[in-house]
Amino acid sequence: MFPKRLSEGYQSFLDGRFQTESSRYQKLAEIGQSPEILIIGCCDSRVSPEAIFDAGPGEMFVVRNVANLVPPCDPDSESSYHGTSAAIEFAVNGLNVKHIVVLGHASCGGIRFFFDDATPLSKSDFIGKWMSQIEPVAKGMSPDTGDRQANLKRLELATVAHSLNNLMTFPSIRRRVEKGELELHGAYFGVATGVLFLRDPDTGEFKPCLESGITE
């Protein structure tokens, strides 16, 4: 049976948001989508980009995977599927987005899985293979602080930077960035606090998006 929560949510959507934005949905159906922003986020249920940025339909093109990872451009590999890369390619070359945001977050289960060298959840170990991408990131970090939570956060932030670096391995992205036609941004969301941190591209430091006085 279809989950009751979804049926009730859909009914609420029909009675509320769809009614107030029906003309917008109609226009999107007729002319297609033209979002200027691509969000690459984690599939964690607590970190919905549409909710965090209060976005309406058609405003953002969203790609979500475990730990908001961007694999390096590898068009010659035929050994695996490239779902994230395909979505990025479509957003950049098909939709001509002007901004790409890699959105990391606190308490990331994928990062913790890698950090703890957790037991595979299945024989195929899809998560382990996927998260092995950040092994060089972990090895390149400064010495252990002795604080587990601090170490996890450092790895979460470093993973955002790693994905930004991998985006630049895509020729079409590098070309557009160098021409000033596309901007890349790193962000980090505090699940418990609601604070959004933005990465300074010059220093690599993450600072609060708004001067709210709240830190994590």
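Model, not experiment: these values are computed from the prediction.

Chemist: How would you summarise the overall build of the chain if you had to cite specific residues and measurements?
Modeler: Across its full length, the chain holds 10 helices and 6 strands. Taking 2.2 N^0.38 as the reference for a compact globule, 216 residues should give roughly 17 Å; the C-alpha atoms of the chain span a radius of gyration of 19 Å, in line with that estimate. For the chain, the C-alpha atoms occupy an extent of roughly 55 × 45 × 45 Å along the three principal directions. In the form shown here, the chain has an accessible surface area of approximately 13000 Å², with 54% of it arising from carbon and sulfur atoms. In the chain, the 21 positive side-chain charges and the 28 negative ones have mean positions that sit 2 Å from each other.

Chemist: I'd like a description of the packing of aromatic side chains, backed by residues and values.
Modeler: Within this structure, the stated rule accounts for 6 aromatic pairs. On the numbers, 5.8 Å between centres and 85° between planes, the contact of Phe13 with Tyr25 is edge-to-face. Within this pair, whereas Phe13 is found in helix α1 (residues 4–15), its partner Tyr25 is found in helix α3 (residues 22–31), the two being separated by 12 residues in sequence. Accessibility expressed as a relative area gives 28% for Phe13, which makes it partly exposed. An angle of 45° between the planes, with centres 5.7 Å apart, marks the rings of Phe61 and Phe90 as tilted. Pair noted here: Phe61 is in strand β2 (residues 60–65) and Phe90 is in helix α5 (residues 83–94), with a separation of 29 residues, a long-range link. Judged by its relative accessible area of 15%, Phe61 is buried. Classification of Phe90 as partly exposed rests on a relative accessible area of 41%. A connected cluster of aromatic rings, assembled from ring pairs, spans Tyr10, Phe13, Phe18 and Tyr25. One Lys or Arg, Lys153, reaches over the ring of Phe197 and ends 5.2 Å from the middle of that ring.

Chemist: Outline the environment of Val92, listing residues and values.
Modeler: You can see Val92 is positioned in helix α5. Since its relative accessible area comes to 1%, Val92 is described here as buried. When the C-alpha atoms of Val92 and Pro57 are compared, they prove to be 19 Å apart, with 35 residues separating the residues in sequence. With near-sequence residues (within four places) excluded, Val92 lies in contact with Val97, Ile100, Ser172, Ile173 and Arg176.

Chemist: For the UniProt feature "binding site: Zn(2+)" (unreviewed entry) in the chain, give the residues involved together with the corresponding values.
Modeler: This chain's UniProt record puts "binding site: Zn(2+)" (unreviewed entry) on Cys42, Asp44, His105 and Cys108. Their sequence span is 67 residues, while the largest C-alpha to C-alpha distance among them is just 9.1 Å; these annotated residues converge on one region. Of the annotated set, the members that line the largest cavity are His105 and Cys108. By the secondary structure assignment, Cys42 is in strand β1 (residues 37–42).

Chemist: Go over the layout of surface pockets with me, naming the residues and quoting the values.
Modeler: Its boundaries defined by the atoms lining it, the second largest pocket holds a volume of some 360 Å³. Lining the second largest pocket we find 19 residues, and of these Val101, Leu184, His185, Gly186 and Ala187 sit closest to its centre. Elements with a minimum of two residues in the lining of the second largest pocket: β1, α9 (148–167), β4 (183–189) and β5 (196–199). Top contributing element to the lining of the second largest pocket by residue count: β4, with 4 residues. By residue class, the composition of the lining of the second largest pocket is 14 nonpolar, 3 polar and 2 charged.

Chemist: Please give an account of the side chain of Asn65 that cites residues and values.
Modeler: If you trace the backbone, Asn65 turns up in strand β2. Relative accessible area serves as the criterion here: at 8%, Asn65 is assigned to the buried category. In this structure the side chain of Asn65 is engaged in a polar contact, spanning 3.0 Å, whose partner is the side chain of Thr84. Beyond its immediate stretch of four places on either side in the chain, Asn65 contacts Gly41, Cys42, Cys43, Thr84 and Trp130.

Cut-offs and rules
Every chain begins its residue count from 1, and numbering advances along the sequence as written. For this predicted model, a pLDDT threshold of at least 70 governs which residues receive local features, and a threshold of 80 or more governs which side-chain atom pairs are given and counted, while totals over whole chains, interfaces and linings are taken from all residues. Heavy atoms from the whole structure form the basis of all side-chain values; hydrogens and water molecules are not counted. Only DSSP runs of H or I with at least four residues qualify as helices, and only runs of E with at least two residues qualify as strands; both kinds are numbered from the N terminus onward. C-alpha atoms define the radius of gyration in this analysis, and the globule rule sets the expected value at 2.2 Å times the number of residues to the power 0.38. Reported accessibility uses the Shrake-Rupley method at a 1.4 Å probe radius. Residues are deemed covered only where the shown protein chains occlude them. Note on charges: Lys and Arg go in the positive column, Asp and Glu in the negative column, and His and the chain ends are not counted at all. To locate a charge, take NZ of a lysine, CZ of an arginine, CG of an aspartate or CD of a glutamate. Each Phe, Tyr or Trp ring, with Trp reduced to its six-membered ring, pairs with another whose centre is within 6.5 Å; inter-plane angles below 30 degrees give stacked pairs, above 60 give edge-to-face pairs, and intermediate values give tilted ones. Categorising residues by exposure relies on relative accessible area from a 1.4 Å probe, with only protein chains included: less than 20% of the type maximum marks a residue as buried, more than 50% marks it as exposed, and the intermediate range marks it as partly exposed. Charge-over-ring placement is defined geometrically: NZ (Lys) or CZ (Arg) within 6 Å of the ring centre, and within 35 degrees of the ring normal. It only takes one pair of heavy atoms within 4.5 Å for two residues to be counted as in contact. UniProt positions are given in the numbering used here, feature names are shortened, and annotations may be inferred rather than shown by experiment. Using a 1 Å grid laid over the protein atoms alone, points where a 1.4 Å probe fits but cannot get out form a cavity; open sets with protein on both sides within 12 Å along at least 5 of 7 lines form a pocket; any residue with an atom within 4 Å of a point counts as lining. Grid points are joined across faces, edges and corners, and a volume is the space filled by probe spheres set on the points. Three classes are used, and their members are as follows: Ala, Val, Leu, Ile, Met, Phe, Trp, Tyr, Cys and Pro are nonpolar, Asp, Glu, Lys and Arg are charged, and the others, Gly among them, are polar. Under this definition, polar contacts are N or O atom pairs within 3.5 Å; protein pairs additionally need one hydrogen-donor-capable and one acceptor-capable atom, and for neighbouring residues in sequence, both atoms have to be side-chain atoms.

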